[in-house]
Amino acid sequence: MVMASTESNTTPAECRFDVNNFVETIFDQQVHFQVLRMKDSFIVWIGSEEAKLEGLAVALKTNIDKEPSTTSLFGENVDLLSGTLAKKLAKATEKQVFVSYNLHVDQQLMSLVEKRLHEEMRTHPEWF
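Residues numbered from 1 in each chain as written. Predicted model: local features only at pLDDT ≥ 70, side-chain atom pairs only at ≥ 80, totals over all residues. Heavy atoms only, no water.

**Q** Where do I start with the packing of aromatic side chains in this structure?
**A** Two measures describe an aromatic ring pair: the distance that separates the ring centres and the angle between the ring planes. Following the criterion strictly, the structure yields three aromatic pairs and no others. Among the aromatic residues, those joined into a ring-pair cluster are Phe22, Phe33 and Trp127. (Phe/Tyr/Trp six-rings, centres within 6.5 Å; stacked < 30°, edge-to-face > 60°.)

**Q** Looking at this structure, I do not really get the sheet that holds strand E1 (residues 18–26). What am I missing?
**A** Two modes of strand pairing occur in sheets, parallel and antiparallel, and in both the strands are linked by backbone hydrogen bonds. Here six strands make up an open sheet; going across it, the order is E1-E2-E3-E6-E4-E5 and the pairing mixed. What marks the edges here is a single partner per strand, and that holds for E1 and strand E5 (69–74). Strand-to-strand twist across the sheet, computed as the mean angle between neighbouring axes with direction ignored, equals 20 degrees. In this structure, strand E2 (residues 29–38) lies alongside strand E3 (residues 41–47), joined through seven bridges in antiparallel fashion. Bridging across to E3, Val35 finds its partner in Val44. Across the sheet, helix H2 (residues 107–123) is in contact with E1, E2, E3 and strand E6 (96–101); its angle to E1 comes to roughly 135 degrees. (Pairing = 2+ DSSP bridges. Helix = DSSP H or I, 4+ residues; strand = E, 2+ residues; numbered from the N terminus. Axes fitted to C-alpha atoms, helices over the stretch in contact; angles between N-to-C directions. Contact = heavy atoms within 4.5 Å.)

**Q** Where do I start with the environment of Lys91 in this structure?
**A** With respect to the helices, strands and loops of the structure, Lys91 is situated in helix H1 (residues 80–93). The exposure class assigned to Lys91 is partly exposed, which follows from its relative accessible area of 43%. It is 7.0 Å that separates the C-alpha atoms of Lys91 and Glu67, two residues lying 24 residues apart in sequence. Side-chain polar atoms of Lys91 contact the side chain of Glu67, separated by 2.7 Å. (Buried < 20%, exposed > 50% of the residue type's maximum accessible area, 1.4 Å probe, protein only. Polar contact = N/O pair within 3.5 Å; in protein donor to acceptor, adjacent residues only side chain to side chain.)

**Q** I would appreciate a short explanation of unusual backbone geometry in the present structure.
**A** Most of the time, phi is negative for any residue but glycine, and the peptide bond is trans. Positive phi, normally seen in glycine, also occurs at Asp40, with a value near 60 degrees. Secondary-structure assignment places Asp40 in the loop between E2 and E3. A relative accessible area of 53% means that Asp40 is categorised as exposed. Phi is positive for Glu94, which is not a glycine, with a value near 60 degrees. For Glu94, the location among the structural elements is in the loop between H1 and E6.

**Q** What exactly am I supposed to notice about the nonpolar core here?
**A** Burial of nonpolar side chains together is a common tendency in soluble globular proteins. Val31, Val44, Ile46, Leu89, Tyr101, Val113 and Leu117 are the most contacted members of the largest nonpolar core, which totals 25 residues. Of all elements in the fold, only E1, E2, E3, H1, E6 and H2 reach the threshold of two or more residues within this core. (Core = buried A, V, L, I, M, F, W, Y, C linked by side-chain atoms within 4.5 Å.)

**Q** Just to check I follow, could you spell out the pairing of strand E4 (residues 56–60) for this structure?
**A** In regular strands, side chains alternate between the two faces of the sheet. In terms of burial, E4 is a largely internal element, four of the five residues being buried. The sheet contact formed by E4 and E5 spans five bridges and is antiparallel. In the strand pairing of E5, Val58 is matched with Thr71. In terms of strand pairing, E4 meets E6 through three bridges, oriented antiparallel.

**Q** Whenever I open this one, the pairing of E3 confuses me. Can you help?
**A** Burial runs high along E3: six of the seven residues are buried. Following E2, the chain reverses through two residues before pairing antiparallel with E3; Asp40 in that reversal takes a positive phi of roughly 60 degrees.

Just distances and angles here, no functional claims.
Structure below.
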């Protein structure tokens, strides 16, 4: 029996993750941000000192609609904040965006969190 060679001339894909963290005090509460950048996508985790991942939403642009499509991957379906923020970030960056928003539901807080995130995107676009 003759064994065939299975050598390949393909180059393995580059695997690279960059993690960046920042903290902001909003309404006397420390809000922690963590951004995990991958090729053509990123994950944003937003929460308190108690690190937990209660839900995760994803948004991405499609050829079907101008607005990015959004879905919840796990967690409470009523958690619209992660999906809303993922959709806004996907539209702004034209990348696939995952968001896990782990703070209490408060529209004023969400607005300031989003503002702080956009400031960081302008200051450090290489993180996103």
